[in-house]
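# Residue-level structure breakdown
Each chain, letter by letter, is given below.
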Amino acid sequence: MRSKTLLSRGECWSDFYIRLTPKLGLISIGLGLRLYIQPFLHLHPIGGGPQVAHMTISHHPHDRVRSGKKHRRSSNRKRCNPRTRSDVITATSQIKTSALSSVSSSTRTDASSSSIGLDTPSSPDGPRQSCFPALNFDMPDNVPSSLDNWWCNAKDEYAFMGFSYSIASCPSYDQLVKDFKRQRNTYQARYVRLYSNCDKQGYNDDLINAAWEAGVGLLPLIWFGFDGDESYRPRKKALLQTIKSNPKAPFVVRTVQFGSEPLFDWAISADGLADQINDVKQKLSQYITGQPTAMQVSTSEMPYGYQIHGNAPKVFSSVSTLLANSLPFFAQDASTARKAFSHVTSDLNYLKKQGADKKIIITQTGWPSNADVWKANSAAAQANVAQSKAYFDLLDDKCEDFKQGPKGGVGWFAHIWSDDGLPGWGVVGYDGKAKFEFKARTTC
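These remarks concern the structure in this document. The residue numbers shown here count from 1 along each chain, following its written sequence. This being a predicted model, a pLDDT of at least 70 is required before a residue's local features are given, and a value of 80 or more before pairs of side-chain atoms are given or counted; all residues contribute to the totals for chains, interfaces and linings. The basis for every side-chain value is the complete set of non-hydrogen atoms in the structure, without hydrogens or water.

Let us now look at the packing of helix α3 (residues 173-187) against helix α4 (residues 203-214). Axis definition: a line fitted to C-alpha atoms, limited for helices to the stretch in contact. Angles are taken between N-to-C directions and run from 0 to 180 degrees. To qualify as a helix, a DSSP run of H or I must reach at least 4 residues; to qualify as a strand, a run of E must reach at least 2; elements of each kind are numbered from the N terminus. Contact geometry for α3 and α4: axes closest at 9 Å, N-to-C directions at 35°. Relative to α4, the crossing made by α3 is right-handed. Residues Y173, L176, V177, F180, K181 and R184 of α3 form the contact with α4, whose participating residues are Y203, D206, L207, N209, A210, A211, E213 and A214. Note that Gly is not counted as nonpolar here; it falls among the polar residues with everything else outside the nonpolar set of Ala, Val, Leu, Ile, Met, Phe, Trp, Tyr, Cys and Pro and the charged set of Asp, Glu, Lys and Arg. Residue classes in the contact of α3 with α4 are distributed as nine nonpolar, one polar and four charged. Note: crossing handedness is left-handed where the near helix turns anticlockwise from the far helix by less than a right angle, and right-handed where it turns clockwise. Residue contacts follow a heavy-atom distance rule, with two residues in contact if any of their heavy atoms lie within 4.5 Å.

The next thing to look at is helix α10 (residues 341-354). With 14 residues, α10 should cover 20 Å at 1.5 Å per step; its first-to-last C-alpha distance of 20 Å lies within 8% of that length. Within α10 the residues assigned to the buried category are F341, H343, V344, S346, D347, L348, Y350 and L351. Where α10 is buried, its residues touch α8 (303-307), α9 (313-318), β13 (321-325), β14 (359-365), α11 (385-397) and α12 (399-403). Remark: A356 follows α10 within two positions and exhibits a positive phi of approximately 50°. A helix's residues, less one, multiplied by 1.5 Å, set its expected span. Relative accessibility under 20% of the residue-type maximum defines a buried residue, over 50% an exposed one, and the middle range a partly exposed one, all with a 1.4 Å probe and only protein chains included.

Below, the discussion takes up the sheet that holds strand β15 (residues 411-414). For sheets, the rule is that strands pair by backbone hydrogen bonds, running either parallel or antiparallel. For two strands to be treated as a pair, DSSP must find no fewer than two bridges joining them. A sheet is described by the order of its strands in space; here nine strands give the open sequence β9-β8-β7-β15-β14-β13-β12-β11-β10, paired in parallel fashion. Either end of the sheet is taken by a strand with one partner, and the two such strands are β9 (217-219) and β10 (221-222). Sheet topology places β13 next to β14; five bridges connect them, and they run parallel. Among the inter-strand pairings, N325 is bridged to a residue of β14, identified as Q364. Contacts between α3 and the sheet are confined to β7 (159-166) and β8 (191-195), with β7 contributing the most and set at about 160° to the helix.

Scope: geometric values only; no functional claims are made or implied.
Spelled out as structure tokens, the structure:
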């Protein structure tokens, strides 16, 4: 797996590998690092907060092309100290349970005393709504004949939206339904934001049918990967074909994500990304009308990704909803979760300015229960279960702030559903049990 990191004044490339030694039940980790300096003097803090970057981990341990330059790996066990970025494809689904239990003990610290009440179904907030996917909405037995009055107005949606959910391991249909129902019934998730990819034939239908069965809206993802290739094109084609052919698709697909931080990865140019977004909008024009009750097309990106492309004005113009990633754990001055909101505010201020007050949804945000995979840039940054819970409690405390956001308020997705998708970052652990009490508000 290839990982990349960027600093505000330099870049660090590292390679992170996880492989199983079956006979010993151990995980061996190899790290390779290449560090070089590239000043970014044109960048400045957003809204008073420091600008930071992230790390990515890719499928393939091959040389990676970035801006026409190929960077080779070099062996070095020393880890650099950048802000790690949020896109990650983990190999945990391929690791045996015996090995996982040996590395997840720190992740589950205090879980036995903090998961009380989490699997008791929550009571939906507010009066009954006759729109999908409101928490009090009753799913029909059959697919309606029209989308009229089906979707809730995006202007009425803010605060906790749901979970970012990795499909890297291609979860079975039964597992998808089980997880989606649990997210909705126990945690009041209205949507599932997909993360990573599964190229298994017919899998898009599984995702859409599972979302329908569970009664949740879906944000499918056209995944670029990190190899600078054209693998996104068949994924785009397959998803569009499924949306057009599966009768349930228009009733569960809320927003098509064209990439997860593709600008940061230099997977495509800003103009090229805008062209692709517009092409999807044209091909799905029967569902995409530009109204807040219609299907949307966007890209999941962090502010830094836009900045390194001259603020990517064409991309901002091409989308009607802004999907953003904000992970303050990697800030240079990070300490405790309760002090992190200024960095979230900085990201939102940038997006609000560049996006001309378009609707903003944070598709990736959270705080890790351990830093076994991604190290913090600040020595004061604390990673434990208590801090994970404190971060989501903080977001709840700021519900009124989110409500004041553009176009009816800012929504957010917890990144990520399970440690199986990103070790240390899940709301639930490897064993499927909640690591801490999570009762996020969907309204205030």
